[in-house]
Structures are given as C-alpha cells and as structure tokens.
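Coordinates in review
These are the residues of each chain, in order.
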Amino acid sequence: MLFFVIACLVPSCIISAITTAIVRRKSFAWGLVDQPNSRKVHESPTPLGGGIGIWLGVVGTIACAQLSAWFIHDRPELVAKLPEIIRPHLDGVLYRSGQLWAILACATVLAAMGLIDDRKNISWLPRLIIQILVVGILVFGVGVQSTVFVPLPLVSQLLTMLWMLVLINSFNFLDNMDGLSSGIALIAAILFATVMLMGERWLVGGALLVLAGSISGFLFFHNWPPARIFMGDCGSYFLGVMLSSMTVLGTYFDYGDQSSRHVILAPFCILAIPLYDFCSVMIIRILQRRSPFHPDKSHFSHRLTDLGLSRPKAVLTIHLATLTTGLGGLLLYYVSGWVGAALVCGLIACVLAIIAILETTALRTTAIRDSQS
C-alpha cells in the first residue's frame, strides 16, 4: 500500500512543480498575467498558468502508469513482483483505464478553455455552454453517472450533470485567495482517495492520489502565500472536472447491503464547504439583483477578512472547516444506518451554521463601515 501511495504522489508532485516553475518564468511573455483590480485581493501583477503544471502532473503520471501497466501485463514474471494486494486488480485497472482517459480528455478541454479565458477573458455564457457540452459527454457518452437510487435513468443522469456543473464552478468561484481552491481540492482528493483505497478501488484511488500529488507540487512550491503564480481558470476547471468525475465514478456503497446506502452522502459532506460557498454566493448575487456569474467579493473568504482575519488565516480557517466536514464524511463509513448518518449530517450542519453566522456578522460590519465612510 505504501509503495502504491508513494508511486502515485511523488512523480506527479515533481512534474507539477517543475512545469509550474517553467510556466511562471514564461507567463509574462505568453500574456498569462492576472492584473489587480477592485474585485481581486492581490496588489501586483501575478503570473497565471499554474493549472498547466497541475494538468501535466496528472496526465504525465497517469500516462507513465498506463505504459508501465501494459508492459507488465504480458510478462508474468513482472506481474509476480507487484504487491500482492494490487496484483489481482491489474486486469480491471487496464479494462477501466479507457474511461479514465476519456475523463482526462474532457477535463483537458475545459482546462484549455480556462487557459484561453485566463488570457482573453471569455464571457460567462460561452463558458457555461461548453461546460454543459463537456459534462453531457461525460455523463451520456463516457458513462460517468450515479443512480442516486432513482429508478429513472434520465433523472439520475441529469442530477449527475447538475452535480458536476456545480462542483466545476464551485472550485472556480473559490479561486479568489492564495492557495484557497487548490488547498480545498487537495484535502478533498486525499479524503476521497482514502475512501477508495479502503474499498480496494485502485484505479479511482490512484487517480485521486495522482491529483493530490500534482496539486501539492503547485501549492507548496508556488502558491502557498505569498503566491508566485495562480492556477487560474485552467487549473480550477481541471480540478472541478476531475473531482466531480471521481466522486461519481467511485462506488460509495455496497449494492448488496441496503444498510450502507447512507454513505452516498459522503461526497456532500467532504465537499460541503465549496458547495456552501457556491450556493450562498449565488443567492447573495440574485438577492442583490446582480448577475450570478459576475465576480465579486461575496465569498466566505472575503467575509473572514472583513472580520479582521489576515488572508493566510482566512484561507487556513476555510481549509480546517473543509477538513472537519471531510472527516465527517469519512465517519459515515463507520456508522450503521441512517440514524448514525443523521448525526454526522447534523455535525456538518452545525459547521455550516457557524459559517453562516460569521458571514452574517461580516455583512453587517461591512454595511456599518460603508455607512460611516
């Protein structure tokens, strides 16, 4: 197990860190620069394109793993040297790898769109249309879908599309402070990978570990404050597609055990913070009669800084809140039935209620300060 984890984490981390360093040096020449303005918190032009490093860290590592698996598969003497716990799953991993590459292809399309947006600022409507098309391909063409216990396949497919679209845009919305969106994605990837490896689902678990390693290469070497490069829409879209797809592709309950159905709530718990931020921001913008897709400072992170927290401490607070709800998601696998699940969900609800109180206080503080100025 330890060898598998290291083999997934280390190469992707190294590839991501090196690629991001190269992009950072070339970003100004390539026109990938994020200029400060009234709705952004950084105060000087900052390189964009860190998402390229995250993308290459994932794609490069999985490509090497795919080639290695093909090479080993036809050589029994090499198969015998694999860890005993992984050896029986080699055929299954190769069989399902086509679906993984289809997901990577779709994620690459959105990452490329995000890279163009980083450079030229695409309107929200074309971006949303492309997102819907890509997610539709994933659900109806690639087979990335969940039953959600609904007997009508079309309903479950549409709900899966909604889930993926919300997550893709959640991580995009959260990319508003140094290390915020990428840190949340790292926490989520590690927690989901833990769930998958506990159930011996090596393909999805391995892909999530590779994603975690790639995020680490970008985050710890380049984006933990002060940020030397932003991942931009390229990175946030790629992370959104990968995490939303992996949460659907992973089987979160035992179909033969009716008492385990409650663990389908695990993704909602682990991703409670980005989902809350997305929904609350959309509601605030609609109530204020503004476009739901127009960037502003209505996010949880901005409310924390309005209360007096520094930006690094605001980001750390949100990371700890994400880890808290995520551990609640893991706890679902150790409780039996819906009563235990209800207690876990109650814990998550209390965390979100605390966040809502903090946000409400920050809104009032900001309103008072504006009225006095």
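Presented here is an overview of the structure given in this document. (Residues numbered from 1 in each chain as written. Predicted model: local features only at pLDDT ≥ 70, side-chain atom pairs only at ≥ 80, totals over all residues. Heavy atoms only, no water.)

Focus on the pattern of salt bridges
- Evaluated as defined, the whole model comprises two salt bridges.
- Residues Arg-127 and Asp-117 are paired through a salt bridge, measuring 3.6 Å at the closest nitrogen-oxygen approach. In this pair, Arg-127 sits in helix α5 (residues 124-142) while Asp-117 sits in helix α4 (residues 90-120), placing the two residues ten residues apart along the sequence. No difference in accessibility class separates Arg-127 from Asp-117, as the two residues are buried.
- The partner of Arg-303 in a salt bridge is Asp-306, with the nearest N and O atoms 3.7 Å apart. Taken as a pair, Arg-303 and Asp-306 lie in helix α12 (residues 300-306) at a separation of three residues, close to a single helical turn. (Salt bridge = Lys/Arg side-chain N within 4 Å of Asp/Glu carboxyl O. Helix = DSSP H or I, 4+ residues; strand = E, 2+ residues; numbered from the N terminus. Buried < 20%, exposed > 50% of the residue type's maximum accessible area, 1.4 Å probe, protein only.)

A closer look at the side chain of Asp-117
- On the accessibility criterion, Asp-117 (5% relative accessible area) is buried.
- Polar side-chain contacts of Asp-117 include one of 2.5 Å to the backbone nitrogen of Ile-122.
- If we skip the residues at most four places from it in the chain, Asp-117 touches Ile-122, Arg-127 and Asp-233. (Polar contact = N/O pair within 3.5 Å; in protein donor to acceptor, adjacent residues only side chain to side chain. Contact = heavy atoms within 4.5 Å.)

Some details on the packing of aromatic side chains
- Going through the model one piece at a time under the given rule, you end up with three aromatic pairs.
- Between Phe-173 and Phe-278, the aromatic rings sit 5.2 Å apart at their centres with planes inclined by 35°, giving tilted as the arrangement. In this pair, Phe-173 sits in helix α6 (residues 153-174) while Phe-278 sits in helix α11 (residues 272-287), placing the two residues 105 residues apart along the sequence. When sorted by exposure, Phe-173 lands in the same class as Phe-278, which is buried.
- Sitting above the plane of the Phe-71 ring, Arg-75 keeps its charged end 3.9 Å from the centroid.
- Positioned above the aromatic ring of Phe-173 is the side chain of Arg-285, whose terminal nitrogen or guanidinium carbon lies 5.0 Å from the ring centre. (Phe/Tyr/Trp six-rings, centres within 6.5 Å; stacked < 30°, edge-to-face > 60°. Lys NZ or Arg CZ within 6 Å of the ring centre and 35° of its normal.)

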